[in-house]
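The primary structure of each chain is shown beneath.
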Amino acid sequence: MTSAPVSNSTAHWRHLDAEHHLHPFSNTKSLNAEGVRVITHAEGSYVYDSEGNKILDGMSGLWCSQVGHGRHEIVDAISDQLKKLDYYNTFFKTTHPAATELAAAIAEVAPKGMKRVFFTSGGSEAVDTVIRMVRHYWASMGKPEKHIFIARRNAYHGSTVGGASLGGMKPMHAQGGLPIPGIIHVQQPYWWAEGGDMTPEEFGLHAAREVARAIDEAGPENVGAFIGEPIQGAGGVIIPPSTYWPEVQKICRERNVLIVSDEVICGFGRTGEWFGCQYMGVEPDLITFAKGVTSGYFPLGGVIMGERMAEGFIEHGGEFNHGYTYSGHPGGCAAALANLRLMQRENLIGRVKSDIGPYLQERWLKLGDHPLVGEARMIGLIGALELTPDKAKRAKFAQEEGTVGLLCRDFSFREGLVMRAVRDSMILAPPFTLSKQEADELADTALRVLDLTYAELKARDWLKSA
Ligand SMILES: *Cc1c(COP(=O)(O)O)cnc(C)c1O
């Protein structure tokens, strides 16, 4: 037995955490040495820590809180549901009212012709489901050799073996012997870092043609699907040039390759449309979702299947040997239903599209004038700032990649704003309920944080290009 401080204090929780809690995507040794931040409660656009700090939640938790924190009507819906039916499975010729109603509610807001929903507990499971669905579909259609997936480098599709394999994160592939076979990773549509002398529009076409090249090299008869996030989230809020997605769609259609839109972040309003593919002008065959579908009040994810694919899948697929104990958990379904109703009643997606979205975008894009910012970008309520020592050259810092980003993130936390650092860019995705006053506070704080970071870099003589 270890002796822990007994009061409900930061020291007490830090002690327990350091002794017993292994954190996701964390270096336990350095985290324990530094001491973890303890978030004790949340309300609206803010989270509060055990030291009494009030912090503007610029990341919606982890891209989840579309409707903001502390919405009791969702909590009550979960509680009412669990009192009535805490759990039952959806495997053996059974269902329950909340699962049926949620599937229908999602079909109602999904892109045209997408009306069948498979439930999972989160995004990674949804992505794994896609791997099995696509391969089973093509096998059922008499084309079992169409098993290869085309994905992008620096994509994020979750942390399960399948999800991390489809993802293009090198540090993830480096642990656990990934990726699994049958996946080809191609160039991402990241103009700022990889566009060279091309215009963004030229580069969008160039990156799309990399998809064509990969399919043709593998042979279209061997390729089952292309998967991409409409906007890469965890990779650094990478908004593709407008030419990219339409060209990718054309390429995939011509080669009879299915399109999977991983909407775990973009889905349910983040771009100002219900789904990011609608913003990008693409009609996918499969959509994965999670996160914002419940605003994070309960874990739930899933896959929406389009009719083109559903016909063959249902007619010729037989039994699909796949499912999760918590596929369609009553609590998750109740949370999602209440969340969707709330978004509709308060017209929150309309607000992202034509009210708070444009309002914050205007202030955010102005941060692009700061000497440290090479590019400020934002669509709907998802954005990024590229930090650079030399705007004109779109240069990287001489310091190891990520050093400056972390410095900036620490200033941001200290100043009361959650921004996340990805490499040396700062990313943002606030709740849809953000008020204009909060948007002003957000932009003012971000500017202050940039000034602090800039001064610190100057003092350290770190404003040098690699
Ligand atoms: C977060 C995320 C996932 C994984 O979802 P989990 O719920 O964490 O398993 C998959 N794809 C994208 C695009 C994501 O952002």
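All values reported here derive from a predicted model rather than from experimental measurement.

Peer 1: Describe in detail helix α16 (residues 356-366), supporting the description with residues and values.
Peer 2: Taken as a whole, α16 has its buried residues at Ile356, Gly357, Leu360, Gln361 and Trp364. All buried residues of α16 project into a common sector of 125° when viewed along the axis, lining one side. Looking at α16, the residues exposed on the side facing more than 90 degrees away from the buried face are Glu362 and Lys366. Its buried side turned inward, α16 meets α15 (348-354), β11 (373-379), β12 (382-387), β14 (425-428) and α18 (436-460).

Peer 1: Give a description of the sheet that holds β12 that names residues and reports values.
Peer 2: Pairing is antiparallel across the open sheet formed by four strands, whose spatial order is β11-β12-β14-β13. The open sheet terminates on both sides in strands that have one partner only, identified here as β11 and β13 (420-422). Across the sheet, the mean angle from the axis of one strand to that of its neighbour is 20°, orientation sign disregarded. Here three bridges tie β13 to β14, and the two strands are oriented antiparallel to one another. Bridging across to β14, Val422 finds its partner in Ser425. This element, α16, spans β11, β12 and β14 of the sheet and lies at about 170° to β11.

Peer 1: Any details on the pattern of salt bridges? Residues and values, ideally.
Peer 2: Evaluation of the coordinates by the stated rule reveals 25 salt bridges. Notably, a salt bridge pairs Arg255 with Glu254, separated by 3.3 Å at the nearest N-O pair. Take Glu254: its relative accessible area is 54%, and that puts it in the exposed class. Note that Lys436 and Asp355 form a salt bridge whose closest N and O atoms lie 2.8 Å from each other. Here the residue Lys436 occupies a position in helix α18, and Asp355 occupies one in the loop between α15 and α16, the gap between them amounting to 81 residues. One continuous salt-bridge network, built from bridges that share partners, spans Arg71, Glu73, Arg345 and Glu346.

Peer 1: Give me the sheet that holds strand β8 (residues 258-262): which residues, what numbers.
Peer 2: Spatially, β4-β10-β9-β8-β7-β5-β6 is the arrangement adopted by the seven strands of the open sheet, whose pairing is mixed. On the outer flanks of this sheet lie β4 (114-120) and β6 (183-186), each paired with one strand and no other. The mean inter-strand angle of the sheet, taken between neighbouring strand axes irrespective of direction, is 20°. The sheet contact formed by strand β5 (residues 148-152) and strand β7 (residues 223-228) spans three bridges and is parallel. What sits directly across from Ile148, in β7, is Val223. Across the sheet, helix α5 (residues 97-109) is in contact with β4, β9 (286-289) and β10 (301-306); its angle to β4 comes to roughly 135°. Sitting on the sheet, helix α13 (residues 307-316) is in contact with β4, β8, β9 and β10, with an inclination near 95° to β10.

Peer 1: Requested: an account of the packing of aromatic side chains, with residues and values cited.
Peer 2: By the definition in use, this model includes 11 aromatic pairs. The interplanar angle of 70° and the centroid separation of 5.6 Å between the aromatic rings of Phe91 and Phe92 together place this pair among those described as edge-to-face. Assessed through its relative accessible area of 62%, Phe92 is described here as exposed. With centroids separated by 5.8 Å and ring planes inclined at 75°, the aromatic side chains of Phe268 and Phe289 adopt a geometry described as edge-to-face. Here Phe289 lies in strand β9 and Phe268 lies in the loop between β8 and α12 (276-280), a separation of 21 residues in the sequence. You can call Phe268 buried: its relative accessible area is 0%. You can call Phe289 buried: its relative accessible area is 0%. Geometry around Trp191 places Arg394 over its ring, the cationic atom sitting 3.7 Å from the centre. Sitting over the ring of Trp462, Arg460 keeps its end group 4.7 Å from the ring centre.

Peer 1: Please set out the site of the ligand residue by residue, giving values where relevant.
Peer 2: Taken together, Gly122, Gly123, Ser124, Tyr156, His157, Gly158, Glu229, Asp262, Val264, Ile265 and Lys291 are the residues near the ligand. Between an oxygen atom of the ligand and a main-chain N or O atom of Gly123, the distance comes to 2.8 Å. Note that a nitrogen atom of the ligand is positioned 2.8 Å from one of the side-chain N or O atoms of Asp262. A total of 380 Å² of accessible area belongs to the ligand in isolation, and the protein chains cover 81% of it. Residues that form the shell around the ligand fall into these classes: three nonpolar, five polar and three charged.

Peer 1: Quick rundown of the domain arrangement of the protein chain? Include the residues and the values.
Peer 2: Domain boundaries in the protein chain define domain 1 (38-67 + 349-460) and domain 2 (72-345). On a C-alpha basis, the centroid separation for the pair domain 1 and domain 2 is 27 Å. Each partner contributes to the interface: domain 1 provides 31 residues, whereas domain 2 provides 33 residues. For the pair domain 1 and domain 2, the summed buried area comes to about 2800 Å², and 62% of that belongs to carbon and sulfur atoms. Our enumeration of links across domain 1 and domain 2 arrives at one salt bridge. A salt bridge links Glu273 to Lys353; its shortest N-O distance comes to 2.5 Å. The set of elements that each furnish at least two residues to the side of domain 1 that touches domain 2 consists of α3 (60-63), α15, β11, β12 and β13. Of the residues forming the side of domain 1 that touches domain 2, the biggest block, five residues, is contributed by β11.

The rules behind the values
Residues numbered from 1 in each chain as written. Predicted model: local features only at pLDDT ≥ 70, side-chain atom pairs only at ≥ 80, totals over all residues. Heavy atoms only, no water. Buried < 20%, exposed > 50% of the residue type's maximum accessible area, 1.4 Å probe, protein only. Helix = DSSP H or I, 4+ residues; strand = E, 2+ residues; numbered from the N terminus. Arc of directions from axis to C-beta. Contact = heavy atoms within 4.5 Å. Pairing = 2+ DSSP bridges. Axes fitted to C-alpha atoms, helices over the stretch in contact; angles between N-to-C directions. Salt bridge = Lys/Arg side-chain N within 4 Å of Asp/Glu carboxyl O. Phe/Tyr/Trp six-rings, centres within 6.5 Å; stacked < 30°, edge-to-face > 60°. Lys NZ or Arg CZ within 6 Å of the ring centre and 35° of its normal. Near = heavy atom within 4 Å. Polar contact = N/O pair within 3.5 Å; in protein donor to acceptor, adjacent residues only side chain to side chain. Areas by Shrake-Rupley, 256 points an atom, 1.4 Å probe, with all protein chains shown as cover. Nonpolar A, V, L, I, M, F, W, Y, C, P; charged D, E, K, R; others polar. Domains from an automatic or database assignment. Buried area = accessible area lost by both parts, 1.4 Å probe.

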